[in-house]
There are 2 protein chains.
Amino acid sequence: MLISEIYKKHESLDQKEVEFIARVRSHRQGKAVSFLVLNDGTNFKDVQVVYKSDIKDFEEVAKARISSIISVKGKLVLTPGKQQPFEVVATEIKILDQAIEEYPLQKKEHSPEFLREIAHLRARTKKFSAIFKIRSEAAFAIHKFFHDLGFVYVNSPLITSNDAEGAGESFVVTTRTDDKYEDDFFGRKAALTVSGQLNAESFAQAFQQVYTFGPTFRAENSNTSKHAAEFWMIEPEIAFADLNENIDIIGKLVKFVIEHVIKNCHDELEYCNENLEDGLINKLQAVLDSEYKVMTYSEVIEVLKDAISKGHVFEENNIEFGLDLGTEHERYICEVVNNAPTFVTNYPKDIKAFYMKKNEDGKTVAAVDMLVPGIGELVGGSQREASYDKLITRCNEMGINPDELA
Amino acid sequence: MLISEIYKKHESLDQKEVEFIARVRSHRQGKAVSFLVLNDGTNFKDVQVVYKSDIKDFEEVAKARISSIISVKGKLVLTPGKQQPFEVVATEIKILDQAIEEYPLQKKEHSPEFLREIAHLRARTKKFSAIFKIRSEAAFAIHKFFHDLGFVYVNSPLITSNDAEGAGESFVVTTRTDDKYEDDFFGRKAALTVSGQLNAESFAQAFQQVYTFGPTFRAENSNTSKHAAEFWMIEPEIAFADLNENIDIIGKLVKFVIEHVIKNCHDELEYCNENLEDGLINKLQAVLDSEYKVMTYSEVIEVLKDAISKGHVFEENNIEFGLDLGTEHERYICEVVNNAPTFVTNYPKDIKAFYMKKNEDGKTVAAVDMLVPGIGELVGGSQREASYDKLITRCNEMGINPDELA
């Protein structure tokens, strides 16, 4: 039986026999009884197993080390009022695989740096197990959201000769040790994609509603919490849609994913709330319950100027139209000013990509960023320029060679 | 309104007004009435729009070229007995974007080679639209299957210094134009992964049931229909499972995906059945209805020998224990011998990877391939060797340096 099943049905299993295989998370010998805390990976919460010295192979069982794999037969007993809802009184325990004595994960706090050195083991810790499970459920929610709306899932090629919007430095993909790319595998220089967007746009012209959800690569040597050489990104593209529909779908997606994770990762979120980020669950719930705000970039600039005139000091305090908003500005807007997730629209054209639709003012484009408390920018999007001539003009203005986008 | 919605509700929309935006697939002027065949990408089947010369801007509308984007208002009229279930009698048509005269996709058959040259347009053809939609639905079914069983979705890193099982030639990922990889982005030689399996195995030790579903890369210069430099692969890993559980889950996954696609891609499959592969739907249905067969590799060898002795000739006719079965052998087994998808188990250890569990006979390993009619091998798997010492011995026997797997 999986421990996840035992947890689901535990109320109806009182005094009944259960049987499972699991890994030892901790082991404590008492005078009269001993305690094994076990987990088989299918449930965030552990199972406590109690055994006494009259159990078969007691001497052997008593030696079970942390991380050993054991099988357990026993009687489930509800324990109302205790921390865990039930425990299992063992009638039979077998050690299937005894762990080594120097097993690196012991019952204490381990630093992230140390866990990084033993990356193959870190998913067994509560911290990473919570994070990876939440990631998995969030990924499923993303697929479900788009699927149920009729979006077609598109896999943009990762090996490409197109550098998208010049969104970042790219990694070269090669079978050579020189730069004679004309003799390389693909007969020309190839790189890892920095965005699947342009490919997704061509599919949106076929299916109207599409999304990519896959890996993306940036060879930027920035060691910040917002940069990774390899990360997964969601890129929806919708034909015939304007900025309002863009805002609408971003907002619905974010709420859908949060709702799914709150429903399916209750224990994991509780752990994160208690151990990693105080107030996390309230913060997520607040997004769910919030009405999103919408402001133009120009309004944001005015509000930030106003804040400075009233004594607020930003690290980048030189607030003028044209400024690329930093995380401090973004968080000020959604945390202090609006206390709600905020869509900022109509950014200056010079700080945005060439393919965004120019507004009638000639200065701004129909771009939108979603800012959320605690993070700043979570999602960025835009209405795309649909006029071929305007696109070419904009490429020329920005020094982009359209041929390299093909 | 999306055309998919109009199709869904068309019976209740008789004589009612509908309005939509779509692309022209064909345009035919008759004496009394003219016909536009339109599609907005959300539905495989097109909508036929009828208009007469009394429509506003008739002269303009009459010029709408293939691939132009138009908006239509009109009355839906059920057409029982005709090929399409309804048509729309237009009251207003606007050309939102007139296509160029030389638009490459015209109303005729285009070769795959030609379509490859215009890859950004090919998803608009019936053929590729059917294929990409089926791919999208199959991907969703795969996620749903594993999610509902409690599997955790894991994203194995794609940039890696580990060459897995030596499964194939790999692409180097670099920011340099020489081989001084110690000065490269990651401080050592890095490549695109050929398999996420080893990473998934370490996650299976944490979560018990996990799967990867992501891109994989092979730098093999083989131009066959079974080789691609970049492709998506599903790699489930289950702790504490033996070969029978392996077979069970493979069989269920394949049936689940087929059932989902048959249910959700009816029109696309009909198109493929009529235009790409005669009998396709029957073939899929036959897998769904079949009881899977299980044979050992040794039994397969005997059956193949027997076939030869009765006069059957294979291209590779030298059938001995140790032979790596070719597609011709695999298809003979599942098509001629069993007429059903067939699991072949216990392959010779020398033609399989080092990490598979050796059977007691000392000659074979607990590997399994699923063979399906029309294809041959569709899925490969194995019970993993769980003994560290045996793994190291096997690595040494096969000349694999265990340090390079870390």
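Remember, predicted model here, so these are calculated numbers, not experimental data.

Next up on the list: the overall build of chain A. Per the secondary structure count, chain A includes twelve helices and 15 strands. The C-alpha radius of gyration of chain A comes to 27 Å, more than 25% above the 22 Å expected for a compact globule of 406 residues. When the backbone C-alpha atoms are referred to their principal axes, chain A occupies close to 85 × 60 × 40 Å. Within the span of chain A, comprising 406 residues, buried residues form 49% of the whole. In chain A, of all internal contacts separated by at least 6 residues, the share reaching a separation of at least 24 is 62%. On chain A, roughly 20,600 Å² of surface is accessible, and the fraction owed to carbon and sulfur atoms is 47%. Looking at charge distribution, chain A has the averaged site of its 48 positive side-chain charges lying 7 Å from that of its 66 negative ones.

It is worth spelling out the interface of chain A and chain B at this point. Accessible area lost upon the coming together of the parts serves often as the stated size of an interface. Facing 62 residues of chain A, the contacting portion of chain B comprises 62 residues. The tally of links between chain A and chain B comes to zero salt bridges. Taken together, the links from chain A to chain B amount to 17 residue pairs in polar contact (both at pLDDT 80 or more). At the level of elements, β1 (17-29), α5 (126-148), β6 (152-153), β8 (172-174), α6 (197-207), β10 (209-217) and β11 (230-238) of chain A are the ones that each hand at least two residues to the side of chain A that touches chain B. For the side of chain A that touches chain B, the leading source of residues is α5(A), giving eleven residues. Looking at the side of chain A that touches chain B, its residues break down into 30 nonpolar, 19 polar and 13 charged. Two elements, β8(A) and strand β8 (residues 172-174) of chain B, share three bridges in a ladder whose sense is antiparallel. Within β8(B), the residue paired with A:Thr174 across the bridge is B:Val172.

Turning next to the pattern of salt bridges. The final tally for this structure, using the stated rule, is 37 salt bridges over all chains. A:Arg65 is paired through a salt bridge with A:Glu101; the nearest N and O atoms lie 3.7 Å apart. Here A:Arg65 is found in the loop between α2 (58-61) and β4 (69-78), whereas its partner A:Glu101 is found in the loop between β5 (86-97) and α3 (112-117), with 36 residues between them in sequence. Accessibility expressed as a relative area gives 58% for A:Glu101, which makes it exposed. Residue B:Arg331 pairs with B:Glu335 through a salt bridge whose shortest N-O separation is 2.7 Å.

Our focus in this paragraph is the relation of the copies chain A and chain B. One chain copy maps onto the other through a rotation about an axis and a shift parallel to that axis. At an RMSD of 0.0 Å, chain A and chain B line up after a rotation of 180 degrees and a shift of 0.0 Å along the axis. Overall, the copies show the geometry of a two-fold rotation axis. Looking at the interface residues of chain A, 100% of them are also at the interface in chain B, so both copies use one shared face.

Let us now look at the sheet that holds β10(A). All names here are of chain A. Taken in spatial order, the three strands of this open sheet run β6-β10-β11, and their pairing is mixed. Each of the sheet's edge strands pairs with one partner strand only, and the pair in question is β6 and β11. Relative to β10, β6 is paired through two bridges, and the arrangement is parallel. Residue pairing in the sheet places tyrosine 153 in a bridge with tyrosine 211 of β10. Helix-sheet contacts for α5 involve β6, β10 and β11, and the interaxial angle to β10 is about 150 degrees.

It is worth spelling out the environment of B:Tyr355 at this point. Looking at the secondary structure, you find B:Tyr355 in the loop between β13 (342-348) and β14 (364-372). C-alpha of B:Tyr355 to C-alpha of B:Gln83: the two residues are 272 residues apart in sequence and 56 Å apart in space.

On inspection of all chains with the given rule, the structure shows 44 aromatic pairs over all chains. One Lys or Arg, B:Arg122, reaches over the ring of B:Phe128 and ends 4.7 Å from the middle of that ring.

Glancing now at helix α9 (residues 280-289) of chain B. All names here are of chain B. Of all the residues in α9, the buried ones are Leu280, Val287 and Leu288. Down the axis of α9, the buried set is contained in an arc of 105 degrees. They therefore lie on one face. Of the residues in α9, the exposed ones pointing more than 90 degrees away from the buried face are Asn282 and Asp289. Close packing links the buried residues of α9 with α7 (243-264) and α8 (266-275).

Positive phi values are uncommon outside glycine, yet A:Gln15 reaches one of about 70 degrees. Tracing the sequence through the fold places A:Gln15 in the loop between α1 (3-9) and β1. Phi is positive for B:Asn339, which is not a glycine, with a value near 50 degrees. With respect to the helices and strands, B:Asn339 occurs in the loop between α11 (327-337) and β13.

The next thing to look at is the domain arrangement of chain A. Its domain assignment divides chain A into domain 1 (3-97), domain 2 (118-245) and domain 3 (291-406). Placing a centre on the C-alpha atoms of domain 1 of chain A and another on those of domain 3 of chain A gives a separation of 55 Å.

By definition, the strands of a sheet pair up through backbone hydrogen bonds, in either a parallel or an antiparallel sense. Residues and elements named next belong to chain B. Taken in spatial order, the three strands line up as β6-β10-β11 in an open sheet, and their pairing is mixed. The strands lining the two open edges of the sheet, one partner per strand, are β6 (152-153) and β11 (230-238). Judged from the nine bridges that link them, strand β10 (residues 209-217) and β11 form a sheet pairing that is antiparallel. Within β11, the residue paired with tyrosine 211 across the bridge is proline 236. Strand contacts of helix α5 (residues 126-148): β6, β10 and β11, with the helix running at about 150 degrees to β10, the strand carrying the most contacts.

All names here are of chain A. Mapping threonine 125 onto the fold places it in the loop between α4 (119-122) and α5. According to the relative accessible area criterion, threonine 125 is buried, its value standing at 11%. A polar side-chain atom of threonine 125 sits 3.2 Å from the main-chain amide nitrogen of phenylalanine 128. If we ignore the near neighbours within four places in the chain, the residues touching threonine 125 are Arg25, Leu105 and Leu115.

Residue and element names in this part refer to chain B. In the contact formed by helix α10 (residues 297-309) and α11, the axes pass within 11 Å of each other and the chain directions differ by 80 degrees. Relative to α11, the element α10 lies roughly perpendicular. Residues Val300, Val303, Leu304 and Ala307 of α10 pack against His329, Tyr332, Ile333 and Val337 of α11.

Calculation criteria
Along every chain, residues carry numbers that run from 1 in the direction the sequence is written. A letter from A marks each chain and a number from 1 marks each ligand, given out in the order of writing. Local features in a predicted model are, by the rule used here, given only for residues with pLDDT of at least 70; side-chain atom pairs are given and counted only at 80 or more, and totals for whole chains, interfaces and linings are based on all residues. Computation of side-chain values covers all heavy atoms of the structure but excludes hydrogens and water. For the purposes of this entry, the term helix denotes a DSSP run of H or I that reaches at least four residues, the term strand denotes a run of E that reaches at least two, and both are numbered from the N terminus. Only C-alpha atoms enter the radius of gyration, while the globule expectation follows 2.2 Å times N to the 0.38, with N the number of residues. Any residue under 20% of the maximum accessible area for its type is buried, any over 50% is exposed, and the rest in between are partly exposed; the area is computed with a 1.4 Å probe on protein chains only. By definition, residues are in contact when any of their heavy atoms lie within 4.5 Å. Per-residue and other accessible areas were derived by the Shrake-Rupley procedure at a 1.4 Å probe size, with only the shown protein chains allowed to occlude residues. We count Lys and Arg on the positive side and Asp and Glu on the negative side, and we leave His and both chain ends out. To locate a charge, the coordinates of NZ of Lys, CZ of Arg, CG of Asp or CD of Glu are taken. Salt bridges, as used here, are contacts in which a Lys or Arg side-chain nitrogen is within 4 Å of a carboxyl oxygen on Asp or Glu. The term polar contact refers here to a pair of N or O atoms within 3.5 Å; inside protein, the definition further demands a hydrogen-donor-capable atom paired with an acceptor-capable atom, and it admits residues adjacent in sequence only when both atoms are side-chain atoms. Note on residue categories: nonpolar means Ala, Val, Leu, Ile, Met, Phe, Trp, Tyr, Cys or Pro, charged means Asp, Glu, Lys or Arg, and polar means any other residue, Gly included. Pairing between strands is defined by DSSP: at least two bridges between the two strands are required. Superposition of the copies was done by least squares, using only C-alpha atoms of residues whose pLDDT is at least 70 in both. Convention adopted: a line fitted to C-alpha atoms gives each axis, helices being fitted over their contacting stretch, and angles between N-to-C directions are expressed from 0 to 180 degrees. Classification of ring pairs rests on two measures: the distance between centres of Phe, Tyr or Trp rings, Trp counted by its six-membered ring, which must be within 6.5 Å, and the angle between planes, read as stacked under 30 degrees, edge-to-face over 60 and tilted in between. For a Lys NZ or an Arg CZ to count as sitting over a ring, it must be within 6 Å of the ring centre and within 35 degrees of the ring normal. Note: the arc covers the axis-to-C-beta directions of the helix. Bear in mind that the domain bounds are from an automatic or database domain assignment. If an angle is under 35 degrees, it is roughly parallel; if it is over 145, roughly antiparallel; if it lies from 65 to 115, roughly perpendicular; otherwise it is oblique.

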